[in-house]
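Architecture at a glance
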Amino acid sequence: MTPALQITDLSHSFGERKALDQVDFSVKPGDFTVLLGLNGAGKSTLFALATHLYHNRSGSISVFGHDIRHHASQALRRMGVVFQQPTLDLDLSVEQNLSYHCALHGMARGLAKQRIEAELERLQLADRRHDKVRLLSGGLRRRVELARALLHEPHLLLLDEPTVGLDIASRGFLLDHVRALCADRALAVLWATHLIDEADDKSRVVVLHKGKVRAHGSVPDVVAAAGADSLKSAFQSLTGEAP
Amino acid sequence: MNPAAYFRCCLGILAREFLRFLNQRSRFVSALVRPLVWLILFASGFRFVLGVSIIPPYETYIPYQVYIAPGLLAMIQLFNGMQSSLSMVYDREMGNMRTLLISPLPRWFLLTSKLLAGALISVPLAYAFLAVAWFWDVEPPYWGYLAVLPALLLSGLMLGALGLALSSLIRQLENFAGVMNFVIFPMFFASSALYPLWRVKEGGLALWYVCQANPFTHAVELIRFALYLKLDCVSLAVVAGSTILFLALAILGYDPGRGMLARKGGGE
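Residues numbered from 1 in each chain as written. Chains lettered and ligands numbered in written order. Predicted model: local features only at pLDDT ≥ 70, side-chain atom pairs only at ≥ 80, totals over all residues. Heavy atoms only, no water.

**Here's the deal with the sheet that holds strand E1 (residues 5–14) of chain A**
Residues and elements named next belong to chain A. Note the following rule: One requirement defines pairing of two strands: DSSP has to find at least two bridges between them. Only DSSP runs of H or I reaching four residues or more are called helices, and only runs of E reaching two or more are called strands; each is numbered from the N terminus. The criterion used for residue contact is that any of the two residues' heavy atoms lie within 4.5 Å. Note on definitions: angles span 0 to 180 degrees between N-to-C directions of axes, and those axes are lines fitted to C-alpha atoms, for helices only across the stretch in contact.
Ordered in space as E2-E1-E4-E5, the four strands form an open sheet in which the pairing is antiparallel. Of all the strands in the sheet, just strand E2 (17–27) and strand E5 (66–67) have a single pairing partner and so form its edges. Looking at chain direction, E1 and E2 are connected through seven bridges and run antiparallel. Along E2, the bridge assignment pairs glutamine 6 with serine 26. Along the sheet, helix H1 (residues 43–50) makes contact with E1, E2 and strand E4 (58–63), crossing E1 at roughly 115°.

Laid out in structure tokens, this is it:
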């Protein structure tokens, strides 16, 4: 099976500072993979490279076999992204924000309307569709961003610290929804976070520390390989720092 | 991606920019008040100081406010172009820019669409200014109102492309003050917007060369001639050439392999 996301020997630096060092891992369809790392681990650089914001210096990133550098369009149309920073237009309504995204993917108006309708229902946002984003709580804004990332029916979903600043209920809703998408639609998910409890036993985990992958595999495997009794203590022994 | 997808994408970008513009009424008002202050206060004060002789495209002596009206139209577009540059920097900081850049359509197309949207937004502003200026004796021939439209669009594109190119170089919002000091003011004052270039030549040859080399001068002259149903071919060539040059620089600036983003790690 072609991996949804294949990262091979990826290195990147800004001047002297090495942000990523020979990073190697893959995400398969249906996998919920947690990219676990502290602030400054290189998660956001990895996301910037994977979303073609700028080119990687060495190594490769491919999405369902399409190299991001050489076939960006093919790769990007299969990918949905929720960025760490808020990326919604606060002065536009929920629906206007979603329509804009559909237009950016060249979607026909009828199809866009249908997809927006479906995602708003699924994420329980239908009654807020005409509200300006500015009026929504942080949790609801994140849901709109998730709805937006799913409009073009991607097969790979990248989320960069999506639960930062959210309350427990909003965080739970987002996690449950994305996990359900993995199970129901065989969506491949890369979920970057520094919150260790967001990786459950069914998840796969990539431990990224100071630009290097310290461990990669299913949570029970990573815990066992580190000779630890929990992911938290495995993380501590792999990185020498508390999560 | 088929041509219809490109069309829908471009339309979506235009729609978003117009919606944003409509939501920022204060931006519309301030964009209009700025040139009107110049027309009503500055021109009234200076009409007795500065006499304007008969120079093309005018066929008679003209009052000073008639002379500076095309320069103020270009000023609207200069500020609009820089404002869209500001919005790119703001967008990038807020992350909105990334929404645009993860579209599967080519980056040059996305940036050109954004540029087109900015230029189109400046057109209703320019006409609103002309409507008010009519009460201050700025009365070009009726057909001039139509003839000036392509000139406004082209100069709007050129100044927008300059803004876009600058936005790829600026990483911080605070640097916009630098853009004001180093781009907007020198471009505006070292041009034919406020005084005819023969007067500048009398003052100093070096400054005259600077004014001649300033693409903003040519945008002003293109608009001035079009408003009076004439075509200044040199200005047309300079404005069109500068548009292509600035757009190429902007596309290079946002290129994932070469641009400033790659070197400095924008979006981190």
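**A word on the interface of chain B and chain A**
Formally: By definition, the buried area sums, over both parts, the 1.4 Å-probe accessible area that each loses when the two are put together. Here, a salt bridge means any side-chain nitrogen of Lys or Arg that lies within 4 Å of a carboxyl oxygen of Asp or Glu. Here a polar contact means two N or O atoms within 3.5 Å. Within protein one must be a hydrogen donor candidate and the other an acceptor candidate, and residues neighboring in sequence count only if both atoms are side-chain atoms.
Taken together, the contact between chain B and chain A spans 33 residues of the former and 35 residues of the latter. Approximately 3,100 Å² of surface area, both sides summed, lies buried where chain B meets chain A, with 56% of it carried by carbon and sulfur atoms. Remark: the boundary between chain B and chain A carries two salt bridges. Residues Arg20(B) and Asp89(A) are paired through a salt bridge, measuring 3.2 Å at the closest nitrogen-oxygen approach. Between the two partners, chain B and chain A, sit 11 residue pairs in polar contact (both at pLDDT 80 or more). Of all elements in the fold, only helix H1 (3–23), helix H4 (96–101), helix H5 (107–133) and helix H12 (260–264) of chain B reach the threshold of two or more residues within the side of chain B that touches chain A.

**Things to note about helix H5 (residues 138–150) of chain A**
Selection rule: One less than the residue count of a helix, multiplied by 1.5 Å, gives the span that helix is expected to have. Working definition: with a 1.4 Å probe on protein chains only, accessible area under 20% of the residue-type maximum means buried, over 50% means exposed, and in between means partly exposed.
Along its 13 residues, H5(A) runs 19 Å from first to last C-alpha, staying within 8% of the 18 Å computed at 1.5 Å per residue. Within H5(A), 11 of the 13 residues are buried, leaving the element largely enclosed by the surrounding structure. Buried residues of H5(A): Gly139(A), Leu140(A), Arg142(A), Arg143(A), Val144(A), Glu145(A), Leu146(A), Ala147(A), Arg148(A), Ala149(A) and Leu150(A), and no others. If you follow the buried residues of H5(A), they end up packed against strand E6 (79–82), helix H3 (94–104), helix H4 (109–122), strand E7 (156–160) and helix H6 (168–185) of chain A together with H4 of chain B.

**Side note on the environment of Pro56(B)**
Within the element layout of this structure, Pro56(B) appears in the loop between helix H2 (25–46) and helix H3 (64–94). When its relative accessible area of 57% is taken as the criterion, Pro56(B) is described as exposed.

**Notes on the environment of Leu174(A)**
All names here are of chain A. Looking at the secondary structure, you find leucine 174 in helix H6. Taking relative accessible area as the criterion, leucine 174 reaches 2% and is therefore assigned buried. As for leucine 174 and glutamate 121, which are separated by 53 residues in sequence, their C-alpha atoms are 15 Å apart. When sequence neighbours within four positions are dropped, the list of residues in contact with leucine 174 reads Arg142, Arg143, Leu146, Pro162, Thr163, Leu166 and Trp191.

**Notes on the nonpolar core**
Defined as follows: Buried Ala, Val, Leu, Ile, Met, Phe, Trp, Tyr and Cys residues that are joined via side-chain atoms within 4.5 Å together make up what is termed a nonpolar core.
If you look at the biggest cluster of nonpolar residues, it comprises 114 residues, and the most contacted ones within it are Leu5(A), Phe25(A), Leu35(A), Leu158(A), Phe129(B), Phe188(B) and Phe216(B). Take this core: its biggest share by element is 13 residues, from H3(B). Core analysis: the second largest hydrophobic core is formed by 45 residues, Leu120(A), Leu175(A), Leu181(A) and Ala199(A) among them.

**A word on the domain arrangement of chain A**
Residue and element names in this part refer to chain A. Here is the rule we go by: A domain assignment, automatic or from a database, supplies the domain bounds used here. Note on residue classes: Ala, Val, Leu, Ile, Met, Phe, Trp, Tyr, Cys and Pro are nonpolar, Asp, Glu, Lys and Arg are charged, and everything else, Gly too, is polar.
Per the domain assignment, the segments making up chain A are domain 1 (1–78 + 155–167 + 179–243) and domain 2 (86–153). Once you take the C-alpha centre of each, domain 1 and domain 2 turn out to be 26 Å apart. Between domain 1 and domain 2, the buried area comes to about 740 Å², and carbon and sulfur atoms account for 58% of it. Summed over the three residues of domain 1 that lose the most area to domain 2, namely Leu157, Leu166 and Arg185, the buried surface amounts to 49% of that side. Applying the counting criterion to the domain 1 and domain 2 interface returns one salt bridge. Put simply, glutamate 119 and arginine 185 hold a salt bridge, and the shortest N to O gap is 3.3 Å. Among the elements of the structure, E7 and H6 are those that each provide at least two residues to the side of domain 1 that touches domain 2. Examining the composition of the side of domain 1 that touches domain 2, we find that three residues originate from one element, E7, more than from any other. Taken together, the residues of the side of domain 1 that touches domain 2 sort by class into seven nonpolar, one polar and four charged.

**Overview of the sheet that holds strand E3 (residues 32–36) of chain A**
All names here are of chain A. Reading across the sheet, the six strands line up as E6-E7-E8-E3-E9-E10 and stay open at both edges, with mixed pairing between neighbours. Both outer strands of the open sheet, E6 and strand E10 (212–218), are each paired with one neighbouring strand and no more. Across the sheet, the mean angle from the axis of one strand to that of its neighbour is 15°, orientation sign disregarded. Two strands pair when backbone bridges link them, and E7 and strand E8 (residues 188–193) are joined in this way by five bridges, in the parallel orientation. Residue pairing across strands places leucine 157 opposite valine 189, the latter belonging to E8.

**Points about the pattern of salt bridges**
Close approach of charged atoms allows side chains of opposite charge to pair. Summed over the entire model, instances satisfying the criterion amount to 21 salt bridges over all chains. Notably, a salt bridge pairs Asp131(A) with Arg128(A), separated by 2.5 Å at the nearest N-O pair. With a relative accessible area of 22%, Asp131(A) lands in the partly exposed category. Overall, Arg128(A) belongs to the partly exposed group, its relative accessible area being 25%. Ionic pairing is found between Lys114(B) and Glu17(B), a salt bridge with its closest N-O pair at 3.0 Å. In this pair, Lys114(B) sits in helix H5 while Glu17(B) sits in helix H1, placing the two residues 97 residues apart along the sequence. With respect to class, Lys114(B) is no different from Glu17(B); both count as buried. Taken together, the salt bridges that share partners define one network made up of Asp89(A), Arg16(B), Glu17(B), Arg20(B) and Lys114(B).

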